Amino acid sequence: MVQIYGTIGPACSSCEIMQAMFREGMTGMRLNLSHTSLLESRETIQAFQKSADSCQVKPQLLIDMQGPELRIGRLTSKLEIHKGDTVEVPMQEAVMTFLKEGDHVLIDDGKFRAEVMEMHDDNASLLFHNDGILESRKSIKIEGREVQGPALTLHDRENIDLAREYGVTAIMEPFVNNAETLKEIRHVLHEKQLDQIQIYAKIENREGVKNLSEIIPQADMIVIARGDLGNDIPLWKLPAVQKDIEQTCLSAHKPFMVVTQMLTSMIHNPFPTRAEVSDIFNAVNDGADAVMVTNETAVGKYPVETIRYLSLTAAEAKQYRNRRG
């Protein structure tokens, strides 16, 4: 059975919607802790557990950690950005450690490209090269340099302390570059008697791809996270890299998950594109044990329909794969 994951967010926070998603085949959900915490999400998680119980599903709750990913700071409100604008943007302390004037950066999984014009205090003055709406705490990548923060932030450790209480089944660790990161997390879980919680290693840059063979033995599942991975390598090379990761996992008998923009058009539309359906089918036919959607269910207009297409397409691909042996 292919695991079908949605992402928790305001678009699907009610019991009614979550029940409908479980009935369409959803097996679990991801909670992105870059923007919230387990404590702050108490009511939504209770609705999640109640909905699963009513559908007789033993749900998987994955918490996506802050981890070593660099992020901008909190904005007082959303910013409407126009190409050519120079904007003062708050930065996390870790970002300011690495950022330099003249750097080129990618923000929010590459939705924005900008140049660092000036640095002062906790802010950076950025010259933007494209239009869009900028929101708080979005990812930032410095082009041409591999830099990262600690494996577990203080925020991550606080959430791990609450993991048993909230029924967490797995941790998703972003930007895994080496085996030592996972060993550190495993040690923390063991110290807190949380050995039952699995570790999902997100492969999001070239270092992670390069060191995949040493990462695999320390992970319970490999996550092919195509958003940031597609920022770190040319997009036209991404499909081949995905196939290579899949083959490495299959050879090692390690389960893997494929994520990012699987049904992104369904954020606004009730039906997917043919290309999206083919993407899901191919991922499962290639051996994926799980597929996941993110913004499609977190903030999209059609979370139930999204899970329906994700589940039905994955099931069709699984049947096809079984028929072919």
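Residues numbered from 1 in each chain as written. Predicted model: local features only at pLDDT ≥ 70, side-chain atom pairs only at ≥ 80, totals over all residues. Heavy atoms only, no water.

### Points about the nonpolar core
Alright, step 1. Counting 63 residues, the largest nonpolar core has Ile 222 and Ile 245 as its most contacted members.
Alright, step 2. With five residues, the top contributor of residues to this core is helix H12 (residues 303-324).
Alright, step 3. Those residues in contact with Ile 222 that sit more than four places away from it in its chain are Ala 201, Ile 203, Leu 212, Ile 215, Ile 216, Ile 245, Cys 249, Lys 254, Pro 255, Phe 256 and Met 257.
Alright, step 4. Leu 70, Ile 72, Ile 81 and Val 116 belong to the second-largest nonpolar core, a separate cluster that totals 21 residues. (Core = buried A, V, L, I, M, F, W, Y, C linked by side-chain atoms within 4.5 Å. Buried < 20%, exposed > 50% of the residue type's maximum accessible area, 1.4 Å probe, protein only. Helix = DSSP H or I, 4+ residues; strand = E, 2+ residues; numbered from the N terminus. Contact = heavy atoms within 4.5 Å.)

### A few points about the environment of Glu 184
Alright, step 1. Residue placement: Glu 184 occurs in helix H5 (residues 179-191).
Alright, step 2. Take Glu 184: its relative accessible area is 35%, and that puts it in the partly exposed class.
Alright, step 3. Linking Glu 184 and Leu 152, residues 32 residues apart in sequence, is a C-alpha distance of 8.7 Å.
Alright, step 4. Not counting residues up to four positions away in its chain, the partners in contact with Glu 184 are Ala 151 and Arg 157.

### Observations regarding the pattern of salt bridges
Two side chains bearing opposite charge may form a pair once their charged atoms approach each other closely.
Alright, step 1. Applying the stated criterion across every chain yields a total of 14 salt bridges.
Alright, step 2. Among the salt bridges present, the one from Glu 143 reaches Arg 113, with a minimum N-O distance of 3.1 Å. Taken together, the residues span a long stretch of sequence, with Glu 143 in the loop between strand E10 (140-142) and helix H4 (154-161) and Arg 113 in strand E7 (residues 112-120) at a distance of 30 residues.
Alright, step 3. You can call Arg 113 partly exposed: its relative accessible area is 33%.
Alright, step 4. Residues Lys 183 and Glu 180 are paired through a salt bridge, measuring 3.4 Å at the closest nitrogen-oxygen approach. Placement of both Lys 183 and Glu 180 in helix H5 is noted, with a separation of three residues, approximately one turn of the helix.
Alright, step 5. Within this structure, Arg 30, Asp 64 and Lys 202 form a network of salt bridges that share partners. (Salt bridge = Lys/Arg side-chain N within 4 Å of Asp/Glu carboxyl O.)

### Focus on the packing of aromatic side chains
Alright, step 1. Going through the model one piece at a time under the given rule, you end up with four aromatic pairs.
Alright, step 2. A ring pair is formed by Phe 281 and Tyr 320, whose centres lie 5.4 Å apart and whose planes are at 55 degrees; its orientation type is tilted. Placement of Phe 281 in helix H10 (residues 274-285) and of Tyr 320 in helix H12 is noted, with a sequence separation of 39 residues between them.
Alright, step 3. Among the residues examined, Phe 281 registers a relative accessible area of 22% and is labelled partly exposed. (Phe/Tyr/Trp six-rings, centres within 6.5 Å; stacked < 30°, edge-to-face > 60°.)

### Considerations on the side chain of Lys 202
Alright, step 1. Mapped onto the elements, Lys 202 comes out in strand E12 (residues 198-203).
Alright, step 2. Among the residues examined, Lys 202 registers a relative accessible area of 10% and is labelled buried.
Alright, step 3. The contact partners of Lys 202, leaving out residues within four places of it in the chain, are Asp 64, Met 172, Glu 173, Pro 174, Phe 175, Val 176, Val 223 and Ala 225.

### Observations concerning the packing of helix H1 (residues 15-23) against H12
Alright, step 1. Closest axis-to-axis distance for the H1/H12 pair is 8 Å, and the angle between their directions is 10 degrees. The orientation of H1 relative to H12 falls into the category roughly parallel. Contact residues: H1 offers Ile 17, Ala 20 and Met 21, while H12 offers Pro 303, Val 304 and Ile 307.
Alright, step 2. For the contact of H1 with H12, the residue count by class is six nonpolar, no polar and no charged. (Axes fitted to C-alpha atoms, helices over the stretch in contact; angles between N-to-C directions. Parallel < 35°, antiparallel > 145°, perpendicular 65-115°, else oblique. Nonpolar A, V, L, I, M, F, W, Y, C, P; charged D, E, K, R; others polar.)

### Some remarks on helix H2 (residues 42-54)
Alright, step 1. Counted at 1.5 Å a residue, the expected span for H2 with its 13 residues is 18 Å, and the 18 Å between its end C-alpha atoms agrees.
Alright, step 2. Thr 44, Ile 45, Ala 47, Phe 48, Ser 51 and Ala 52 are the residues of H2 that are buried. Down the axis of H2, the sector holding all buried residues measures 155 degrees, keeping them to one side. Residues of H2 that are exposed and point over 90 degrees away from its buried face: Glu 43, Lys 50 and Asp 53.
Alright, step 3. Where H2 is buried, its residues touch H1, strand E2 (28-32) and strand E3 (60-64). (Expected span 1.5 Å × (residues − 1). Arc of directions from axis to C-beta.)

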